[in-house]
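Residue-level structural notes
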Amino acid sequence: MEKNKLTWKIGGKAGEGVMATGIIFAQSGSRGGLHVYDINEYPSLIKGGHNTLQVRVEDREIFSQVKGVNVLIALNKETILMHRDELTSGGGIIYDSAEVLDRKEIREDIRLYPVPFNNIIKEIGAETIMKNNVALGASIALIDYDFDIVAGVIRDTFKRKGDRIINDNTMAAKAGYDYLKKNFPDDFNYKLEKIGTGGRMMLTGNDAICMGAIKAGCKFYSAYPMTPASSILHFMAAQERRFNIVVKHTEDEISAINMAIGAGFAGVRAMCGTSGGGFCLMSEGYGLAGMIEVPVVIIMAMRPGPSTGMPTWSEQGDLKFVLNVSQGDFPRPVLIPGDNEECFYMTQEAFNIAEKYQTPVIVLTDKNLAESHKTTEKFDQRRITIDRGVYATASELAASDEKTFFKRYKYTENGVSPRTIPGMKKGIYTATSDEHDEEGNITEDTGNRTKMMEKRMRKLDSLAKELKQPEMVGPRDAAVTIIATGSTKGPIKEAMMMLEKDGVTVNYLQILYLSPFPSEKVASVMDSARKTVVVENNFTGQLADIIREKTGKSVGRRILKYDGRPFYPEEIHREIMEVAHG
Amino acid sequence: MVRMIDINAIDKPNWCPGCGDFGILLALKGAIVELNIEPENIAIISGIGCSGKVPHWLRTYGLHGIHGRPLPVAAATRLSNHELTVFAVGGDGDGYGIGMCHFIHAMRRNIDMTYIVHNNMIYGLTTGQTSPTSEKGMRTKSTPSGVIEVPVNPIALAISSGATFIARSFAGDVKHLQKTIVDAVKHRGFSLIDVFQPCVSFNHVNTYDWYKQRIYDLQAAGHNTGDKMAAFVKSQEWGEKIPIGVFYEVLSPTYEDELPQIKEMPLVKQAIDNVDISKLMDDFV
Ligand SMILES: Cc1ncc(C[n+]2csc(CCOP(=O)(O)OP(=O)(O)O)c2C)c(N)n1
Ligand code: SF4
Ligand SMILES: [Mg+2]
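From a predicted model like this one, the values you see are computed outputs, not experimental measurements.

**Here we look at the layout of surface pockets**
Residue and element names in this part refer to chain A. If you add up the space inside the largest pocket, you get close to 1800 Å³. Broken down by secondary-structure element, the contributors of at least two residues to the lining of the largest pocket are helix 1 (18-31), helix 4 (131-142), helix 5 (147-157), helix 6 (163-183), helix 7 (205-215), helix 8 (230-239) and helix 13 (367-371). Taken together, the residues of the lining of the largest pocket break down into 16 nonpolar, 17 polar and 12 charged. Among the domains, domain 1 (2-194) and domain 2 (203-383) are the pair contributing at least three residues each to the lining of the largest pocket. Each pocket or cavity is described by its volume, and for the second largest pocket that value is around 580 Å³. Taken together, 25 residues line the second largest pocket, and the ones lying closest to its centre are Leu 460, Ser 515, Pro 516, Phe 517 and Lys 550.

Spelled out as structure tokens, the structure:
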């Protein structure tokens, strides 16, 4: 018997409550002190498309999905046909007994649990369609988990909808639970058992980013809806009155970034968010912020391109795009977190960098990180520092000439010029997208151009000195060295555990800043590594190309995946075994 | 008291001699002095074009951004600090061409700010191509055989898009323009002033004389600015006689009025060094 090592999956038509039920299950695991990781799959449709949510629950911290489903809830027959091969031996399918299912269609080692969803709903007299809850309850009975925890989550989930809805949902789940207990007595291979009281959060990367932004004092968020960044807009909008934030759903992404720039210019911490297509529209504004040295944070959540691509799926195909988008050279810090903690702390770091260096800062994520829930320890608010950068001092302002403009773009050693904002007496200047002198006057003079360009670019050097270098995880003298960035972190960590069991030593360097790039560190790691691989969710191996550009060194092997799905640890494991033994 | 010398910039405008932009700048400065607003509490946000240079030629805070986008920048500047008097400034290409989408949405929002459009019916800075307000048949560098489309009607658009102060003025009548700007700033809500601005270098049709022969003052003609339908009828007048002045004015809640987040104080004045997210984190357990 396997205890507390379970992958549970629910599938059905969009609109059948697949996601909501899955989240209730995941939350129930978390509240029992267990660790949870979930991943959703859905097409870009609202009604009728096939949706799944796969939830992994264990008694140790887990970092990604794995292959092999132990319990499959099929709200329709299509789910069975699509996912039957994912089931492990001894796994079970809970499905509607009204579906006609030929036993020969299913592998012998899979158990079937037909449940008369509709009869049960009729019996309890529930008014709404709730076969998802019946099935949820049945699965809880199957794995012998504590029903009270589930009832508690249902209560909290539907708190705002009132007692009747809470009761109907709980009754439906309980009826499913009772039916399974009665008709299929205890013999299932996989069990879940409460080991504590939880206390951890169930968060997506987008949730963590929003918490990071709010904690950082973000006062203005502007966006145009685009998967997988939309839930940032929803989160921020839901919290706007609680934390006094102005959240604007704009007419397009051009407006979104220009609004964030207006807010940054006025002196508030401002953020906008989008995905690749929207960032194309933001590109001119991105350069404007670089040129006029206005702090703004841009969340860029990748999905597979080109063009509309696969809106609801995952890829890391925009690494080079974000590094090169928008004309001209300007300092372009790009932060790329790999998990929820990094989403939280690096978003607030992005605000500090933006204000300290007076430049736009990108936080780059992808759908896999943006939308997957993971149990996460509460963030440590004491770790957060707010650095608003350099403002002009009272004496600097007093000394400034009444007749000219304030030297807002003063040449300085580290490239950062003391800042003023509207409302500050004697700090008056005009920010201009044209090349300008120290006062902001337009000039095309060669000497000024050279000096001003150098001033702006010096900020990146100053930042590079301040950023911490990536650290190697794993044994120094490993057989294989993985270099990767972003959300591949989860499956890589899982794969490393598998490889360790197989006696293959692996270490891992996670790139947290695509720009300024940690060239020296990467070069030294490459020099001392025995074999190097990159693991990337894109076609060309963009990170490997960036490494070559920045270090002149070539990565040994590119482990790439570009089918719109994030890596499974098993896939990384297989390829690294090949590398190690090759 | 704010004096003209307090807002004069040292550098002189580099527009073509005789350009209508000089009249607009003069009227704007006159309005600021008349309204007695401290220059550090003014933000002038402009787009790209000859018109976009305005913030460089007077001493207030300014942001000379990118082509077509002054309105979103100005909107957020105002929402972040509603103690500022905010102007957006741009050309007809900037506002009614590339920035048309923002133009309509800005009017729907009714954020308290003033938008001045230097409408010269031509692209000035790029040396004379057709603009969205160029008249049908006008020959320009990009339409050597004459413009095929009918022109955009910014006044009519504004009436239907929810702007709450809609006026037209003329760069050749600085007194009228200054009064219009003063009224627009005093108005609570989004104000549009479409300004006829002769471009002496590239528009040889719509000249100072052309305007002078046609314009008449709506206010002198007893137009009722509270009557939306009458305003719409006036917006359709074109040809021999063309109205300037206030077409429509109405008081309705501003965007800022609807935001409890900024009721106590502007966003920019709110402390951010001790935001507590403990309860927010609890919500996710
Ligand atoms: C995105 C973009 N496209 C094109 C241009 C080139 N451009 C600069 S000003 C301008 C048009 C100017 O016309 P208008 O807005 O009417 O201003 P005017 O010069 O007449 O005051 C154009 C097309 C640009 N700067 N940016
Ligand atoms: S080109 Fe036309 S609009 Fe531009 S400065 Fe010259 S006259 Fe004025
Ligand atoms: Mg023009």
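**A few points about the coordination of the magnesium ion (ligand 3)**
All names here are of chain B. The protein atoms donating to the magnesium ion (ligand 3) are Asp 92 (OD), Asn 120 (OD1) and Ile 122 (O), with metal-donor distances spanning 2.0 to 2.2 Å. All donors to the magnesium ion (ligand 3) come from one chain, and their sequence spacing reads D-x27-N-x1-I. Classification of Asn 120 as buried rests on a relative accessible area of 7%. For Ile 122, a relative accessible area of 2% puts it in the buried group.

**Looking at the site of ligand 2**
In the vicinity of ligand 2, the contacting residues are Trp15(B), Cys16(B), Cys19(B), Cys50(B), Asn120(B), Gln197(B), Cys199(B), Val200(B), Ser201(B) and Phe202(B). Each residue belonging to the shell around ligand 2 can be placed in one class, and the counts come to seven nonpolar, three polar and no charged.

**Considerations on the interface of chain A and chain B**
In this complex, chain A contributes 72 residues to the contact, which on the side of chain B involves 58 residues. Taken together, both faces of the contact between chain A and chain B bury some 5400 Å²; the carbon and sulfur share is 64%. The interface formed by chain A and chain B holds five salt bridges in total. One salt bridge connects Glu40(B) with Lys425(A), and the closest N-O pair in it is separated by 3.1 Å. The interface formed by chain A and chain B holds 32 residue pairs in polar contact (both at pLDDT 80 or more) in total. By residue number, the principal contributor to the side of chain A that touches chain B is helix 9 (residues 253-266) of chain A, which donates nine residues. Residues belonging to the side of chain A that touches chain B are distributed by class as follows: 31 nonpolar, 21 polar and 20 charged.

**Considerations on the site of ligand 1**
Around ligand 1 lies a shell of 17 residues, among which Cys50(B), Ser51(B), Asp92(B), Gly93(B) and Asp94(B) are the nearest. Neighbouring residues of ligand 1 are distributed over chains A and B. Within the backbone of Asp94(B), a nitrogen or oxygen atom sits 2.8 Å from an oxygen atom of ligand 1. Calculation on ligand 1 without its partners gives an accessible area of 590 Å², and the protein chains cover 77% of this total. Counting residues per element, the shell around ligand 1 draws most heavily on helix 4 (residues 92-98) of chain B, at four residues. Grouping the constituent residues of the shell around ligand 1 by class yields six nonpolar, eight polar and three charged.

**Thoughts on the state of the cysteines**
By definition, a disulfide links two cysteine residues through a covalent bond between their sulfur atoms. Within the structure shown, the criterion is met by zero disulfides over all chains. Cys218(A) takes part in no disulfide bond, and the closest cysteine sulfur, belonging to Cys210(A), lies 9.0 Å away.

**Looking at the nonpolar core**
All names here are of chain A. By size, the foremost hydrophobic cluster in this structure holds 98 residues, and its most contacted members are Phe 220 and Leu 364. Broken down by element, the residue count for this core peaks at seven residues, all from helix 9. Excluding its chain neighbours within four sequence positions, the residues that come into contact with Leu 364 are Met 300, Met 302, Leu 319, Val 322, Val 334, Leu 335, Ile 336, Pro 337 and Leu 514. Judged by nonpolar contacts, the second largest core, of 49 residues, contains Ile 120, Ile 121, Ala 126 and Ile 143.

**Overview of the side chain of Asn133(A)**
Assignment of secondary structure puts Asn133(A) in helix 4. With sequence-adjacent residues up to four places away left out, Asn133(A) is seen in contact with Asn169(A), Ala172(A) and Ala173(A).

**Brief notes about the packing of aromatic side chains**
All names here are of chain A. Following the criterion strictly, the structure yields 27 aromatic pairs over all chains and no others. With a centroid separation of 5.8 Å and an interplanar angle of 80 degrees, the aromatic rings of Phe 279 and Phe 321 are classed as edge-to-face. Pair noted here: Phe 279 is in helix 10 (residues 276-292) and Phe 321 is in helix 11 (residues 319-324), with a separation of 42 residues, a long-range link. Of the residues examined, Phe 321 reaches a relative accessible area of 25% and is grouped as partly exposed. One residue, Arg 383, lies across the ring of Tyr 345, its end atom 3.7 Å from the ring centre. Positioned above the aromatic ring of Trp 313 is the side chain of Arg 565, whose terminal nitrogen or guanidinium carbon lies 3.6 Å from the ring centre.

**What about the side chain of Ser400(A)?**
All names here are of chain A. Residue placement: Ser 400 occurs in the loop between helix 14 (394-399) and strand 17 (430-432). Here the side chain of Ser 400 touches Lys 426 through a polar contact of 3.0 Å, landing on its backbone oxygen. Beyond its immediate stretch of four places on either side in the chain, Ser 400 contacts Phe 406 and Lys 426.

**Details of the domain arrangement of chain A**
Residue and element names in this part refer to chain A. Under the domain assignment used here, chain A contains domain 1 (2-194), domain 2 (203-383), domain 3 (394-466) and domain 4 (472-581). Of note, the centres of domain 2 and domain 4, computed from C-alpha atoms alone, are 26 Å apart. Listed as interface residues are 26 residues of domain 2 and, on the opposing side, 23 residues of domain 4. Carbon and sulfur atoms supply 54% of the area that domain 2 and domain 4 bury against each other, a total of about 2100 Å² over both sides. It is Gln 316, Lys 320 and Ile 336 that lose the most area in domain 2 upon contact with domain 4, and together they represent 27% of the buried surface on that side. At the junction of domain 2 with domain 4, the criterion picks out three salt bridges. The residue Lys 489 makes a salt bridge to Glu 342 at a minimum N-O spacing of 2.6 Å. Between domain 2 and domain 4 we count 18 residue pairs in polar contact (both at pLDDT 80 or more) in total. Elements with a minimum of two residues in the side of domain 2 that touches domain 4: helix 11, strand 14 (334-335), helix 12 (340-357), strand 15 (360-366) and helix 13. For the side of domain 2 that touches domain 4, the class distribution of residues is 13 nonpolar, five polar and eight charged.

**Regarding the pattern of salt bridges**
With the rule as written, the count across this model stands at 51 salt bridges over all chains. Where Lys67(A) meets Glu571(A), a salt bridge forms, and the shortest distance between an N and an O atom there is 3.6 Å. Pair noted here: Lys67(A) is in the loop between strand 4 (50-58) and strand 5 (69-74) and Glu571(A) is in helix 19 (residues 569-581), with a separation of 504 residues, a long-range link. With a shortest N-O distance of 3.8 Å, Asp112(B) and Arg78(B) are connected by a salt bridge. You can see Asp112(B) sitting in the loop between helix 5 (100-109) and strand 4 (113-119) and its partner Arg78(B) sitting in helix 3 (residues 70-80), a full 34 residues away along the chain.

Definitions and cut-offs
- Residues numbered from 1 in each chain as written.
- Chains lettered and ligands numbered in written order.
- Predicted model: local features only at pLDDT ≥ 70, side-chain atom pairs only at ≥ 80, totals over all residues.
- Heavy atoms only, no water.
- 1 Å grid on protein atoms, 1.4 Å probe; cavity = no way out; pocket = protein on both sides within 12 Å on 5 of 7 lines; lining within 4 Å.
- Points joined across faces, edges and corners; volume = space filled by probe spheres on them.
- Helix = DSSP H or I, 4+ residues; strand = E, 2+ residues; numbered from the N terminus.
- Nonpolar A, V, L, I, M, F, W, Y, C, P; charged D, E, K, R; others polar.
- Domains from an automatic or database assignment.
- Donors = N, O, S within 2.8 Å, 3.2 Å for Na, K, Ca; no water.
- Buried < 20%, exposed > 50% of the residue type's maximum accessible area, 1.4 Å probe, protein only.
- Near = heavy atom within 4 Å.
- Contact = heavy atoms within 4.5 Å.
- Buried area = accessible area lost by both parts, 1.4 Å probe.
- Salt bridge = Lys/Arg side-chain N within 4 Å of Asp/Glu carboxyl O.
- Polar contact = N/O pair within 3.5 Å; in protein donor to acceptor, adjacent residues only side chain to side chain.
- Areas by Shrake-Rupley, 256 points an atom, 1.4 Å probe, with all protein chains shown as cover.
- Disulfide = S-S within 2.5 Å.
- Core = buried A, V, L, I, M, F, W, Y, C linked by side-chain atoms within 4.5 Å.
- Phe/Tyr/Trp six-rings, centres within 6.5 Å; stacked < 30°, edge-to-face > 60°.
- Lys NZ or Arg CZ within 6 Å of the ring centre and 35° of its normal.

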